[in-house]
Amino acid sequence: MHIFTSINRKTVRNISLLLAAGGLFTAGCKKDPQITDNGKVTDETPVVFQIPQGWPTPFYQFDNNKLSNAGFELGRKLFFDPRLSRDNSISCGSCHQPFAAFAQLDHPVSHGVNNLLGTRNSPALFNLNWHTSFFWDGGVNHIEAQPINPIQNPVEMDETLTGIIAKLNADANYRTQFKNTFGDETINSQRIFKAICQFMGMLVSDNSKYDRYLRGEAGGAMTTQELSGLQVFRTNCASCHKEPLFSDFSYRNNGLPKTNVNDSGRAHVTHDVADLYKFKVPSLRNLKYTSPYMHDGRFDVLDSVLAHYDHGIQQSPTLDPAVQNGIHLSAQERADLLTFLNTLNDETFVKDPRFQEPK
Amino acid sequence: MLLAAAILVLLSACHKKDDPVTPSNNNNNNNNNGNDSTSDGPGTVNLSFVNKVGNQQMILGTTAYVNAHGDSFSINHYKYYISNIKLTTDSGKVFTEPNSYHLISEESDSTKSLLIVNVPKGNYTSVSFMIGVDSMANVSGAQSGYLDPIYGMYWGWSTGYIMAKLEGRSPQSPVANNVLSFHIAGYKGPNSVQRTVTLPLSDLAKVTSSKTPVITLISDAAKWFGPQTIIDFGFSPMVMEEGAAASAIADNYASMFSVQSVHNP
């Protein structure tokens, strides 16, 4: 939520833009965009961000970043371009893979330039417009402020803004794409970040079986076991993993035993001891594609996650009250729950041609 | 719902305390009949900055200075944001520069002379500004101009601008290479380092459509380290996080600006 500490002309202008832009979303066409073979959204089919039925209002709705086909395609190209790294080897897509719901399959932590390892699991990227802060510790307060971090991090992409801009300026195709998106060929960090956010903001995952069930659509009929699992979920998990996004995006300590990394979590950002070892509650959508789990990827399979909640909780002063006594499920409840969680996987999302790496 | 709330906030805030000055279109008081009909039009103010250390000129590199604690030090980098510039006339009217974000850097002489345009004709008696950038700029995503993170005055890991930066060396610094590094940031809560400065001008700055007064301000970097809170480089060679230490330095440097001169051509 933007904090209005002073009202000035800039705010007036921003709100005017929001009002103007709002007309786009409410008047957006309902039919699905036509998609060509390589997934490129054509000029005839406008890129439109639609809020899924029944979902809360997103925090980010492309204010001051007018969504367009050109902007979306530029953002997609940047997202998958390894030139954003110092040695041209690592792109955003290297650690955020479309087929893994934009997490990194089979990697507890990721490796960047020079094979340097990070300390945290690459988060899946979907439904980002509903997040109010970013990264496992929430240090970033706006989606457009996110990309600078992996770009500048020496164990990730290890590049500078100056370096990237020089590379993009040397590429006539990029200059044209910036012109088509922003009106002229100027390439600066603001335009780079906004274009990337046009791509990232369009990554909406709302077509799992569970979603079709709630909408009463074909393919949404849940089995008895899945419905039992939904009840198990609502009884034991929903206070943190709130529907329909399956997270309340708060920061909590869920009792993971400390490792030698001793990651202080959100306290690193807030300097508040009350935030020690708290990490963002991740969404439970698309778990089939996003293993391994937790902020450091320590659990390969969901059985391990459930075992942790059953008998692995470590007590500490900041342990979340919701898991104070653990979560104890019978074998049947565990089986039902896992069956339900399977209904949150959204195959159309991971296979959406618009979101794949451009050829 | 967010939109409705935003509109409500906007409407309720339309009545400002200050009386905004708009460019005068009134030619009735023009004494020069038939002459320049734009003589009541707006003009420009040149707001210039001279960085010093105490009474000494600031020279980056090896020049040695002494802080209030008695520690010797030199400066390699010195940069600060000036934003939300306001000029007040002798009749109390206030002009606020729109989109007012400037980064003054000792290394770059061109940044030290600001041209503030479309200033209504008048005699100005004071200038005020924020050292740093306002909260809105810290929560609004990717910015451009002087707010571009390319200038190195930005924290990616905990979104927010470095309001002022001083880097150098001191023999008293216990860290590697005797480094001193002060990145003063944080816009939230009790340790916010935003500071507003109001300076009465030593002379009226007279703005007309054809005459540009030059207001020269001094920024005394020695004030970062005292006297309100004396900084001992042996214990505090670096501040690189938001918190009480950053806020104490901001309290110190809140009084580092003074008016050197006002020149009316």
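Here the structure is a predicted model, which is why all the values come from computation and not from measurement. (Residues numbered from 1 in each chain as written. Chains lettered and ligands numbered in written order. Predicted model: local features only at pLDDT ≥ 70, side-chain atom pairs only at ≥ 80, totals over all residues.)

**Here's the deal with the overall build of chain B**
Then, number 1: A count of helical and extended segments in chain B gives three helices and 15 strands.
Then, number 2: With 265 residues in all, chain B has 38% of them scored as buried. (Helix = DSSP H or I, 4+ residues; strand = E, 2+ residues; numbered from the N terminus. Buried ≥ 20, exposed ≤ 12 C-beta atoms within 10 Å, placed from the backbone.)

**Thoughts on the overall build of chain A**
Then, number 1: Check the secondary structure of chain A and you find 13 helices and two strands.
Then, number 2: By the burial criterion, 40% of the 359 residues in chain A qualify as buried.
Then, number 3: In chain A, of all internal contacts separated by at least 6 residues, the share reaching a separation of at least 24 is 68%. (Contact = placed C-beta atoms within 7 Å.)

**Some words on the environment of L168 of chain A**
All names here are of chain A.
Then, number 1: Tracing the sequence through the fold places L168 in helix 5 (residues 161-169).
Then, number 2: For L168, a count of 20 C-beta atoms within 10 Å puts it in the buried group.
Then, number 3: The sequence separation of L168 and N180 amounts to 12 residues, and the corresponding C-alpha distance is 15 Å.
Then, number 4: If we skip the residues at most four places from it in the chain, L168 touches Y174 and I187.

**Digging into the packing of helix 9 (residues 224-236) of chain A against helix 12 (residues 331-342) of chain A**
All names here are of chain A.
Then, number 1: Put simply, helix 9 and helix 12 touch, their axes get as near as 7 Å, and they point 100° apart. On the basis of their axis angle, the class for helix 9 and helix 12 is roughly perpendicular. Side by side, helix 9 and helix 12 meet where Q225, E226, S228, G229, L230, V232 and F233 of the first sit next to E333, D336, L337, T339 and F340 of the second.
Then, number 2: Its residues assigned to classes, the contact of helix 9 with helix 12 comprises five nonpolar, four polar and three charged. (Axes fitted to C-alpha atoms, helices over the stretch in contact; angles between N-to-C directions. Parallel < 35°, antiparallel > 145°, perpendicular 65-115°, else oblique. Nonpolar A, V, L, I, M, F, W, Y, C, P; charged D, E, K, R; others polar.)

**Quick look at the environment of I215 of chain B**
Residue and element names in this part refer to chain B.
Then, number 1: Note on placement: I215 falls in strand 13 (residues 214-220).
Then, number 2: Judged by the 25 C-beta atoms lying within 10 Å of it, I215 falls in the buried class.
Then, number 3: For the pair I215 and S202, spaced 13 residues apart in the sequence, the C-alpha separation amounts to 9.5 Å.

**Describing the confidence of the model for chain A**
Then, number 1: Here chain A averages 91 in pLDDT, while 88% of its residues score no lower than 70.
Then, number 2: Note that residues 1-33 of chain A has pLDDT below 50 and, in this model, 38 contacts with residues that lie over four places away or in other chains. (pLDDT = per-residue confidence, 0-100.)

**Some words on the domain arrangement of chain A**
Residue and element names in this part refer to chain A.
Then, number 1: Domain annotation for chain A reports domain 1 (52-205) and domain 2 (209-347).
Then, number 2: With centres defined by C-alpha atoms, the gap from domain 1 to domain 2 works out at 26 Å.
Then, number 3: The partner domain 2 presents 27 residues to the 25 residues of domain 1 that form the contact.
Then, number 4: Residues belonging to the side of domain 1 that touches domain 2 are distributed by class as follows: 12 nonpolar, 11 polar and two charged. (Domains from an automatic or database assignment.)

**Let's talk about the nonpolar core**
All names here are of chain B.
Then, number 1: With 56 residues, the main nonpolar core has Y81, M163 and I184 as its most contacted residues.
Then, number 2: Per element, the largest residue contribution to this core is eight residues, and it comes from strand 4 (residues 72-89).
Then, number 3: Excluding residues that lie within four positions of it along the chain, M163 makes contacts with Y80, Y81, I131, G132, V133, I184, A185, V193 and Q194. (Core = buried A, V, L, I, M, F, W, Y, C linked by C-beta atoms within 7 Å.)

**Details of the confidence of the model for chain B**
Residue and element names in this part refer to chain B.
Then, number 1: Residue-level pLDDT values for chain B average 89, and 86% of them are 70 or greater.
Then, number 2: Here residues 3-36 scores under 50 on pLDDT; set against residues more than four positions off or in separate chains, the count is 32 contacts.
Then, number 3: Model confidence for the complex is summarised by a pTM of 0.86, with the ipTM given as 0.84.

**Overview of the environment of G139 of chain A**
Then, number 1: Locating G139 of chain A in the fold gives a position in the loop between helix 3 (92-95) and helix 4 (148-152).
Then, number 2: We classify G139 of chain A as buried; it has 21 C-beta atoms within 10 Å.
Then, number 3: Separated by 126 residues in the primary sequence, G139 of chain A and G265 of chain A have C-alpha atoms spaced 9.9 Å apart.
Then, number 4: The residues touching G139 of chain A, leaving out its near neighbours within four places in the chain, are V269 of chain A together with W157, S158 and T159 of chain B.

**As for unusual backbone geometry**
Then, number 1: Going from E243 of chain A to P244 of chain A, the amide bond is cis rather than trans, its omega being -5°.
Then, number 2: Note on placement: P244 of chain A falls in the loop between helix 9 and strand 1 (251-252).
Then, number 3: Along the chain, S291 of chain A connects to P292 of chain A via a cis peptide bond; the corresponding omega equals 0°.
Then, number 4: For F62 of chain A, which is not a glycine, the phi torsion comes out positive at approximately 65°.
Then, number 5: Within the element layout of this structure, F62 of chain A appears in the loop between helix 1 (9-26) and helix 2 (69-79).
Then, number 6: A positive phi angle is found at N84 of chain B, which is not glycine, with a value near 55°.
Then, number 7: Within the secondary structure, N84 of chain B sits in strand 4.

**Digging into the pairing of strand 13 of chain B**
Taken residue by residue, a regular strand's side chains alternate between the two faces of the sheet.
Residues and elements named next belong to chain B.
Then, number 1: Residues of strand 13 alternate between two faces, with I215, L217 and S219 buried on one and V214, T216, I218 and D220 left unburied on the opposite face.
Then, number 2: Pairing geometry for strand 1 (residues 43-53) and strand 13, over seven bridges, is parallel. For V50, the partnering residue across the bridge sits in strand 13 and is I218.
Then, number 3: As paired strands, strand 13 and strand 15 (residues 257-263) are joined by six bridges and run antiparallel to one another. If you follow V214 over to strand 15, its bridge partner there is H263. (Pairing = 2+ DSSP bridges.)

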